[in-house]
Amino acid sequence: MKVRFIFSVLLHSIIVSFTANSFVFIKETPETLFAIIPIFLLTNIFAGTLFLKSKSRRIEVCQHGTVLLYSFYTSLLASVIYHIVLALKTIPDDYVTFIWSAVVCIGVNFIIFWNGIICVYVTSLQLGLKLRIIGLICGLIPIANLVVLFLIIKATTDECLVEQKKERINKKRKDEQICATKYPILLVHGIFFRDTKYFNYWGRIPKELEANGAQIFYGNHSSAASVADSAAELKKRIMETLAESGAEKINIIAHSKGGLDCRYALSEPGLASCVASLTTINTPHKGCLFADYLLTKISPDIQVKIAETYNSVLKKFGEKHTDFLAAVNDLTDSRCKQLNFEISDPEGVYCQSFGSVMPKPGSGKFPLNFSYRLAKHFDGANDGLVSENSFAWGESYTLLRPCGKRGISHGDMIDLNRQNIRGFDVREFYVHLVNDLKNKGL
């Protein structure tokens, strides 16, 4: 893939560089214009798909923009050198030729640049809001704009190569259906989010699992409610999933508070027999000490106002059982100790847990970069919300260590920001997790 990508970049860089500096050549051989114009138009349309096919239209457009930006970068350098030489030859005797050559050069590079930058701005998931804004701010600042453009090209190049690699891996193992578990998967979200078709809580994970044979369902419970109330909703959803799938049992993968909700639900008599496995991801099984601290420091009146605002907003979006304060209180250290005393581990259900940590505040996106310091002060090493000491539960526990300075945040574990992290492929993590369930006959 890298070889084809490099070949595509070199080919189109040559075409764009030649076209941008072709005025003198066209002036001497006008008939070549009939070949140069079509080739230039085709470059603007097919630069990213001629040698770089992808199943994803988004990735093809992103590749197209990336190749064009490489071509612009190369053409810009070639054009500067060319026009310095041209100026020495034509000025002052034939400055008209120089001016028209410069006009053509600027026009060609202008078209290539804006075609490329619009394509990557619209389609790339890895640029992020920060780099996009920096790009807009630095666009008219000489030198700085070239530095930022280089960072943009690097980000989109890495994204295209990663996605192409994912496609090749999935194509190679397609017949194996490594995520085709005996029982369907129920994904259960954490606090302050809902399952919606407009923004998947689990990012790119469900699509990756389905591409490898998994059957996916969602919890569809309230975004904020007490553990007991959420458990009641999930109990109903588990029964609905069994009816929809026709399966005897389900495998549950739950994130954050969703893990507590599921544990509580499975403590209900008879429900555990409907569940083959429960996997918790970054769940605060022992609670969060900093939540206790905040609830003692924030006045009851302010707590009520915050809760009323949240509840009223969510009700407008169709939530019927939203209870902000009950949800937050059930995440405290004191309340989780009580829950662990009340809830027994479900018999006959394979239980496992996973957790991750961040090495520093900057490892996580907003607001985890702020909450990290507070969680560290009270709870020690954490993922931006939940401490390392709170993750462990079940027959098996795995802590995912930081990848260099980056680390893995609470949000990274569900692909919240759709960000490719060097050293941690979140989609592949879930593929192997579900494959392990399949190998266990679940």
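For the structure itself, look to the data block above.
Computed from a predicted structure; not experimentally measured.

(A) Molecular detail of the sheet that holds strand β1 (residues 185-188). Strand order in the open sheet formed by six strands is β2-β1-β3-β4-β5-β6, with parallel pairing between adjacent strands. Unpaired on one side and paired on the other, β2 (216-218) and β6 (396-400) mark the two borders of the sheet. Across the sheet, the axes of successive neighbouring strands diverge by a mean angle of 20°, strand direction being ignored. Here β1 pairs with strand β3 (residues 250-255) via four bridges, running parallel. The residue bridging L186 from the neighbouring strand is I252, located in β3. This element, helix α9 (residues 227-245), spans β1, β2, β3 and β4 (275-281) of the sheet and lies at about 150° to β2. Helix α10 (residues 257-266) contacts β1, β3 and β4 of the sheet and is inclined by roughly 140° relative to β3.

(B) Focus on the packing of aromatic side chains. One pass over the full model with this rule turns up 14 aromatic pairs. Relative to Y201, the ring of F193 has its centre 5.1 Å away and its plane inclined at 70°; by these criteria the two rings are edge-to-face. When its relative accessible area of 30% is taken as the criterion, F193 is described as partly exposed. A centroid spacing of 5.2 Å and a plane angle of 90° characterise the contact between F354 and F429, whose relative ring orientation is edge-to-face. With F354 in strand β5 (residues 350-356) and F429 in helix α16 (residues 426-439), this pair connects stretches of sequence that are 75 residues apart. In textbook terms, an aromatic cluster arises when at least three aromatic residues are bridged by ring pairs, as seen for F193, Y201, W202, F354, F424, F429 and Y430. Cation over ring: R132 sits above Y121, and NZ or CZ is 5.8 Å from the ring centre.

(C) Just the packing of helix α6 (residues 128-138) against helix α7 (residues 144-172), in detail. Look at α6 against α7: their axes get within 9 Å of each other, and the N-to-C directions meet at 150°. One finds that α6 runs roughly antiparallel with respect to α7. Note that α6 runs across α7; the crossing there is left-handed. Within the contact between the two elements, α6 uses L131, I134, G135 and C138 and α7 uses A144, N145, V148, L151, I152 and A155. In terms of residue class, the contact of α6 with α7 is made up of eight nonpolar, two polar and no charged.

(D) Structural detail: the nonpolar core. If you look at the biggest cluster of nonpolar residues, it comprises 31 residues, and the most contacted ones within it are L209, I253, F424, F429, Y430 and L433. Where this core is concerned, the elements lending two or more residues are β1, α8 (205-211), β4, β5 and α16. Top contributing element to this core by residue count: α16, with seven residues. Membership of the second largest hydrophobic core comes to 26 residues, among which are A20, L68, V148 and I152.

(E) Structural view of the environment of R418. Tracing the backbone shows R418 in the loop between β6 and α16. According to the relative accessible area criterion, R418 is buried, its value standing at 13%. Counting along the chain gives 290 residues from R418 to G128, while the straight-line C-alpha distance between them is 9.4 Å. With residues up to four places along the chain from it excluded, the contact list for R418 reads L125, Q126, F199, N200, G203 and R204. From its side chain, R418 meets the backbone oxygen of L416 in a polar contact 3.0 Å long.

(F) Region of interest: unusual backbone geometry. Omega for the peptide link from I91 to P92 comes to 10°, which places this bond in the cis form. When you line up the elements, P92 lands in the loop between α4 (57-90) and α5 (95-123). Residues other than glycine seldom take positive phi values, yet Q177 does so here, at roughly 50°. Looking at the element boundaries, Q177 is found in the loop between α7 and β1. Here Q177 falls in the partly exposed class, since its relative accessible area comes to 32%. For N282, which is not glycine, the phi dihedral falls at a positive 50°. For N282, a relative accessible area of 0% gives the class buried.

(G) Looking closely at the pattern of salt bridges. The tally for this structure, following the rule as stated, stands at 19 salt bridges. For D330, the salt bridge identified is with R335, shortest N-O distance 2.9 Å. The class for D330 is buried, based on a relative accessible area of 8%. We classify R335 as buried; its relative accessible area is 18%. In this structure, D412 engages R406 in a salt bridge whose closest nitrogen and oxygen atoms are separated by 3.0 Å.

Rules and cut-offs
Residues numbered from 1 in each chain as written. Predicted model: local features only at pLDDT ≥ 70, side-chain atom pairs only at ≥ 80, totals over all residues. Heavy atoms only, no water. Pairing = 2+ DSSP bridges. Helix = DSSP H or I, 4+ residues; strand = E, 2+ residues; numbered from the N terminus. Axes fitted to C-alpha atoms, helices over the stretch in contact; angles between N-to-C directions. Contact = heavy atoms within 4.5 Å. Phe/Tyr/Trp six-rings, centres within 6.5 Å; stacked < 30°, edge-to-face > 60°. Buried < 20%, exposed > 50% of the residue type's maximum accessible area, 1.4 Å probe, protein only. Lys NZ or Arg CZ within 6 Å of the ring centre and 35° of its normal. Parallel < 35°, antiparallel > 145°, perpendicular 65-115°, else oblique. Left-handed = near helix turned anticlockwise from the far one by under 90°. Nonpolar A, V, L, I, M, F, W, Y, C, P; charged D, E, K, R; others polar. Core = buried A, V, L, I, M, F, W, Y, C linked by side-chain atoms within 4.5 Å. Polar contact = N/O pair within 3.5 Å; in protein donor to acceptor, adjacent residues only side chain to side chain. Salt bridge = Lys/Arg side-chain N within 4 Å of Asp/Glu carboxyl O.

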